[in-house]
Protein chains: 4
Amino acid sequence: MTTTVQETELRYPIGKFDFDAPIREADYPKFIAAIAETPGALRSAVAGLARDQLETRYRPGGWTVKQLVHHVPDSHMNAYTRFKLALTEDEPTIKPYDEAAWAELPDSRKVPIEVSLDLLDALHLRWVALLRSMDEADFNRGLRHPEHPRVLTLKQILALYAWHGRHHVAHITSLRKREGW
Amino acid sequence: MTTTVQETELRYPIGKFDFDAPIREADYPKFIAAIAETPGALRSAVAGLARDQLETRYRPGGWTVKQLVHHVPDSHMNAYTRFKLALTEDEPTIKPYDEAAWAELPDSRKVPIEVSLDLLDALHLRWVALLRSMDEADFNRGLRHPEHPRVLTLKQILALYAWHGRHHVAHITSLRKREGW
Amino acid sequence: MTTTVQETELRYPIGKFDFDAPIREADYPKFIAAIAETPGALRSAVAGLARDQLETRYRPGGWTVKQLVHHVPDSHMNAYTRFKLALTEDEPTIKPYDEAAWAELPDSRKVPIEVSLDLLDALHLRWVALLRSMDEADFNRGLRHPEHPRVLTLKQILALYAWHGRHHVAHITSLRKREGW
Amino acid sequence: MTTTVQETELRYPIGKFDFDAPIREADYPKFIAAIAETPGALRSAVAGLARDQLETRYRPGGWTVKQLVHHVPDSHMNAYTRFKLALTEDEPTIKPYDEAAWAELPDSRKVPIEVSLDLLDALHLRWVALLRSMDEADFNRGLRHPEHPRVLTLKQILALYAWHGRHHVAHITSLRKREGW
């Protein structure tokens, strides 16, 4: 149905992430570049939005722009932590978190988005420095997610978060395009 | 000569600023948006560059990428100051500065670019809040530059700095394109 | 022995944290204030240090000042995560991390300390907003640490991190005092 | 009268700046250290203040805490600019600004204080790098202020701003002490 197609497009403006896509060593630099560019891209995506625009849901039933902005560093702090865990332990089982419940906690409503933009800037500078120091053996290290049957490699996590930043930036840029903001 | 054309393109990748172009009230929002987007655009433009890439001149005889990054907040601090002077005094004569000499001062060589990216983020948040509070009468207020024969209006300064941020971002993005970085 | 006393003083300049000290509701504001003040206190503690001073160990066999600065946001990102886990799940078992191994990862050596100071500023603004929204029932929520026999309450974690920030700031300020920096 | 004494104490909690005090080369490091410590000290001074506390005047008829916080980077951007002007021109005449009128402009009311704290962090990192690169001849360079009869040297400006940061931090810390915040 048309509705479903539209819903999928609103929810996945750059498409879904494919965990089964092969990842070659030659792809790492472009994934790292995408992670490096995310904080600037998110900052530009929300630049100049007024208070009521920040409180707008990017799709019916979805998060507000403000919640999206606060979600990104929450998610990427967990991602950065997972890289460090996998680099310092043997296939550690990581602790998932309930992203929907986190996005409803009071700090996501009360704190200005500028704080999370700054958090993301600083976090990605450390993360990218770490990523750029990693060799092929490092990217093949693994971690276990309690809800995934197989070990996930850091190169998969790398590709996932290159996608993840763009995914949420596109939520905001496509909303602004639709709304003419 | 071809060389001259190339030189002009390297130096003015988005064209020169035209002080005589008419500026209508309906244009203000897009100029303000351009100023709001500059810090994120600059941050993404330099994302992931290595130390020696930052030390590369964006054109023969031009500034290094690092000098460019430090120049932008130096220039925009002066611009922000000029807006506040013109809003609180009657056609004040502003103090120009020697941008070439400033770019050679030691802080532009010693300080990590992240510091100037942060400076620009914060400065533009204050500047954009100020711009968004201004009405047509405010944008018609003027200032005198000792080297310009005529009074400059704040709407001209607005258009100038909307151009200025994009101008320097394009120096870096076109360098990266040419170099395949 | 004198040596041991000195070693303990160098390692614990404000004393060890006491997990068994009673914590009353009236104490929360002062603990939250200590967490709020930590980023500014750390920033002032390292202000103006030169590169070789940042590479100095705060005690024989201990971390360098630079490693200390990068450790604080690593630790507090984990702490913030634990608060959110305990607020959104019932007595979750958190994932510990190997802080000694993390401090040897390349980002702690390569990234300027300013990045971690910025990270800490932004992180604590979100954390303090969360803490200020919590009521007594929230502070009595618990989490499980795989290496602790008993459930830890969030009020204990609150007291722990009020201490933790001061503890590491004191490492740096006492080093500067001893060295006359 | 008692009132006057109190007023002076409220207005000048660390005393007035003395332009005639002699400044020796041996004093520069402590002045530079004071400037380096200011952003952290200001950040800690306002840490955890609630919205209505930020709107409180630090003394009857004085600025609110929020206006104070926004004033400091406004003032220090001008100071940094003056250093650069005096280092790149011969005894330039600088452009004063109307600090009272600036503090009433809309950005000082609308922008969260965190933005100005970030601005100050970044600005002082560049300023301190510049100050640490200066030799005795540089500190003896001068500038002209239209309202001062004599040339001011950069060592006097250095001492002035070492005092200025502490002066405004003390406005806030003494208010908190009096109010028991």
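About the criteria used
- Counting of residues starts from 1 at the beginning of each chain's written sequence and follows it residue by residue.
- Here chains are named by letter from A upward and ligands by number from 1 upward, in the order in which they appear as written.
- Two thresholds apply to this predicted model, a pLDDT of at least 70 for residue-level local features and 80 or more for giving and counting side-chain atom pairs, whereas whole-chain, interface and lining totals are computed over all residues.
- Hydrogens and waters are ignored; side-chain quantities use all the structure's heavy atoms.
- To superpose the copies, least squares is applied to the C-alpha atoms of every residue with a pLDDT of at least 70 in both.
- Contact definition: two residues touch when any of their heavy atoms are within 4.5 Å.
- A helix here means a DSSP run of H or I that spans at least four residues, while a strand means a run of E at least two residues long, and both kinds are numbered starting from the N terminus.
- Classification of residues uses two cut-offs on accessible area relative to the type maximum, computed with a 1.4 Å probe and protein chains only: under 20% is buried, over 50% is exposed, and between them is partly exposed.
- The pLDDT value expresses, per residue, how confident the predictor is, ranging between 0 and 100.
- A helix is expected to reach a length of 1.5 Å times the quantity of its residues less one.
- Here a cavity denotes grid points, spaced 1 Å and computed from the protein atoms alone, that fit a 1.4 Å probe unable to get out, and a pocket denotes an open set having protein on both sides within 12 Å along at least 5 of 7 lines; residues with an atom within 4 Å of a point are the lining.
- Grid points are joined across faces, edges and corners, and a volume is the space filled by probe spheres set on the points.
- Note on residue categories: nonpolar means Ala, Val, Leu, Ile, Met, Phe, Trp, Tyr, Cys or Pro, charged means Asp, Glu, Lys or Arg, and polar means any other residue, Gly included.
- Two N or O atoms form a polar contact when they lie within 3.5 Å of each other; inside protein one atom must be a possible hydrogen donor and the other a possible acceptor, and for residues adjacent in sequence the pair counts only when both atoms belong to side chains.
- Pairing of aromatic rings covers Phe, Tyr and Trp, the last through its six-membered ring, and needs centres within 6.5 Å; plane angles under 30 degrees mean stacked, over 60 mean edge-to-face, and all others mean tilted.
- Consider the ring centre and the ring normal. A charge sits over the ring if Lys NZ or Arg CZ is within 6 Å of that centre and within 35 degrees of that normal.
- Defined here as a combined quantity, buried area equals the accessible surface (1.4 Å probe) lost by two parts on assembly, summed across both.
- Criterion for a salt bridge: a side-chain nitrogen of Lys or Arg within 4 Å of a carboxyl oxygen of Asp or Glu.

### Observations regarding the relation of the copies chain C and chain D
Least-squares fitting of chain C to chain D yields an RMSD of 0.0 Å, with the transformation described by 0.0 Å of translation along the axis and a rotation of 180°. Between the two chains, the operation in question is that of a two-fold axis. It is G40(C) whose C-alpha, among those of chain C, lies nearest the rotation axis, at 1.9 Å. An overlap of 100% is found between the interface residues of chain C and their copies at the interface of chain D, pointing to a shared contact surface.

### Considering the environment of R24(D)
Residues and elements named next belong to chain D. By the secondary structure assignment, R24 is in the loop between α1 (2-11) and α2 (28-46). What makes R24 exposed here is its relative accessible area of 55%. Each C-alpha atom, one on R24 and one on A122, is 28 Å from the other, the two residues being 98 residues apart in sequence.

### Digging into the confidence of the model for chain A
With 98% of its residues at a pLDDT of 70 or more, chain A has an overall mean of 95. Reported for the predicted complex are a pTM of 0.95 and an ipTM of 0.95.

### Points about helix α4 (residues 65-88) of chain C
Helix length check: α4(C), at 24 residues, gives a terminal C-alpha distance of 35 Å against a target of 34 Å (1.5 Å per residue), a fit within 8%. Across the 24 residues of α4(C), 24 count as buried, placing the element largely inside the fold.

### Re empty space enclosed by the protein
Here the idea is plain: a probe the size of a water molecule rolls over the atoms and shows the empty space left. Scanning the model with the defined rule gives 3 cavities of 30 Å³ or more in all. For the largest cavity, the calculated volume is near 280 Å³. For the lining of the largest cavity, the secondary structure elements donating two or more residues are α7 (113-133) of chain A, α7 (113-133) of chain B, α7 (113-132) of chain C together with α7 (113-132) of chain D. Residues of the lining of the largest cavity, tallied by class, amount to 12 nonpolar, no polar and 13 charged.

### A closer look at the relation of the copies chain D and chain B
Superposing chain D onto chain B takes a rotation of 180° plus a shift of 0.0 Å along the axis, which leaves an RMSD of 0.0 Å. A share of 100% of interface residues in chain D that are also interface residues in chain B marks the association as one of identical surfaces.

### Considering the side chain of Q53(B)
All names here are of chain B. Structurally, Q53 can be placed in helix α3 (residues 51-54). Classification of Q53 as buried rests on a relative accessible area of 16%. In terms of polar contacts, Q53 uses its side chain to reach the backbone amide nitrogen of A50, at 2.7 Å. Excluding residues that lie within four positions of it along the chain, Q53 makes contacts with G48, V65 and W181.

### As for the packing of aromatic side chains
Here the structure, examined in full by the defined rule, presents 24 aromatic pairs over all chains. Taking 6.0 Å as the distance between ring centres and 65° as the angle between the ring planes, the aromatic pair formed by F83(A) and W127(A) counts as edge-to-face. Taken together, the residues span a long stretch of sequence, with F83(A) in helix α4 (residues 65-88) and W127(A) in helix α7 at a distance of 44 residues. We note that F83(A), like W127(A), is buried. With 6.0 Å between their ring centres and 45° between their planes, F17(C) and W163(C) make a pair best called tilted. Separated by 146 residues along the polypeptide, F17(C) in the loop between α1 (2-11) and α2 (28-46) and W163(C) in helix α9 (residues 154-179) bring together distant segments of the chain. Given the relative accessible area of 21%, F17(C) is considered partly exposed. Looking at K30(B), its charged tip hangs above the ring of F31(B), at a distance of 5.5 Å from the centre.

### Describing the interface of chain C and chain D
If you look at the interface, chain C gives 16 residues, while chain D gives 16 residues. Contact between chain C and chain D buries roughly 1,200 Å² in total, counting both sides, with carbon and sulfur atoms accounting for 55%. Together, R43(C), S44(C) and R132(C) form the three largest contributors to the area buried by chain C at its contact with chain D, with a combined 33%. The tally of links between chain C and chain D comes to 2 salt bridges. Of the charged contacts in the structure, one is a salt bridge between D121(C) and R43(D), with a shortest N-O distance of 3.2 Å. Listed by contribution, the elements that provide at least two residues to the side of chain C that touches chain D are α2 and α7 of chain C. No other element matches the 7 residues that α2(C) contributes to the side of chain C that touches chain D.

### Some remarks on the environment of G62(D)
The residue G62(D) is located in the loop between α3 (51-54) and α4 (65-88) in this model. Separated by 52 residues in the primary sequence, G62(D) and L10(D) place their C-alpha atoms 9.6 Å from one another.

### Some points on the interface of chain D and chain B
Each side of the interface is counted separately: chain D has 37 residues, and chain B has 37 residues. Between chain D and chain B the total buried area reaches about 3,100 Å² when both faces are included, carbon and sulfur atoms providing 69% of it. When the area that chain D buries against chain B is broken down by residue, the three leading residues are K95(D), W102(D) and R126(D), summing to 22%. With a shortest N-O distance of 2.9 Å, K84(B) and D74(D) are connected by a salt bridge. At the junction of chain D with chain B, the criterion picks out 18 residue pairs in polar contact (both at pLDDT 80 or more).

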